[in-house]
Amino acid sequence: MGQRSTRFGATHWRQVTACAGALSALVLWWSPANAAGDTARGEVLYQGCQDCHSIEKNDVGPMHKSIVGRDAGTVPGYNYSPALRNAKIVWTEENLDKWLTSPQDFIPGTKMFYEVKNPQDRADLIAFLKERAR
């Protein structure tokens, strides 16, 4: 136990270690925010968001026009929770992914409670917002 098989040489073990390191880096790099989103599918999924949100006007939730790249908690005329108003984050694709995964975990004390658990659904919604909510 604890000894390597003599069947493989030191070169082989270096190659295995290098391959494992590259695979680990790939797994760490890939996240749902890096997944390709389908804008058309995101538009269909966004219909479920419209119970509280719209692109053009505030409702139960703030409007989503120009959300990607906007500072969180800054839509004029919307009454944000203190938690979101003071969050000091920008709505990047990565932050939107974290938000949609679990708003309460990402910014505790926020009003938003709805979670999108499926990574592809999140990528599709973000692609839709990025493309169509400009």
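What you see is a predicted model; the values in this text were computed from it and never measured. (Residues numbered from 1 in each chain as written. Predicted model: local features only at pLDDT ≥ 70, side-chain atom pairs only at ≥ 80, totals over all residues. Heavy atoms only, no water.)

Novice: Any chance you could explain the overall build of the protein here in plain terms?
Specialist: Helix and strand content of the protein: six helices and zero strands. Ordering the α and β elements of the protein from the N terminus gives α-α-α-α-α-α. Relative to all contacts within the protein whose residues are 6 or more apart in sequence, the contacts with residues 24 or more apart total 45%. (Helix = DSSP H or I, 4+ residues; strand = E, 2+ residues; numbered from the N terminus. Contact = heavy atoms within 4.5 Å.)

Novice: What is the right way to look at the side chain of T110 in this model?
Specialist: Mapped onto the fold, T110 is located in the loop between α5 (103-106) and α6 (119-132). Judged by its relative accessible area of 8%, T110 is buried. (Buried < 20%, exposed > 50% of the residue type's maximum accessible area, 1.4 Å probe, protein only.)

Novice: Teacher, can you tell me more about the environment of N118 here?
Specialist: Following the sequence through the fold, N118 ends up in the loop between α5 and α6. Of the residues examined, N118 reaches a relative accessible area of 37% and is grouped as partly exposed. Separated by 17 residues in the primary sequence, N118 and T101 place their C-alpha atoms 8.1 Å from one another. Of the polar contacts made by the side chain of N118, one reaches the backbone nitrogen of Q120; its length is 2.7 Å. (Polar contact = N/O pair within 3.5 Å; in protein donor to acceptor, adjacent residues only side chain to side chain.)

Novice: For this particular structure, what's the right way to read the state of the cysteines?
Specialist: Put plainly, a disulfide is one covalent bond tying together the sulfur atoms of two cysteines. Taken as a whole, this structure holds zero disulfides when the rule is applied. The thiol of C52 is unpaired, and the distance to the nearest cysteine sulfur, on C49, comes to 8.9 Å. (Disulfide = S-S within 2.5 Å.)

Novice: Just checking my understanding: could you explain the packing of helix α4 (residues 93-101) against α6 for this structure?
Specialist: Helix packing geometry: the angle between the two helix axes and the distance between the axes. At a closest axis distance of 10 Å, the pairing of α4 and α6 adopts a crossing angle of 130 degrees. Relative to α6, the element α4 lies oblique. α6 is crossed by α4, and the crossing has right-handed handedness. Across the interface between the two elements, E93, L96, D97, L100 and T101 of α4 pack against R122, L125, I126 and K130 of α6. (Axes fitted to C-alpha atoms, helices over the stretch in contact; angles between N-to-C directions. Parallel < 35°, antiparallel > 145°, perpendicular 65-115°, else oblique. Left-handed = near helix turned anticlockwise from the far one by under 90°.)

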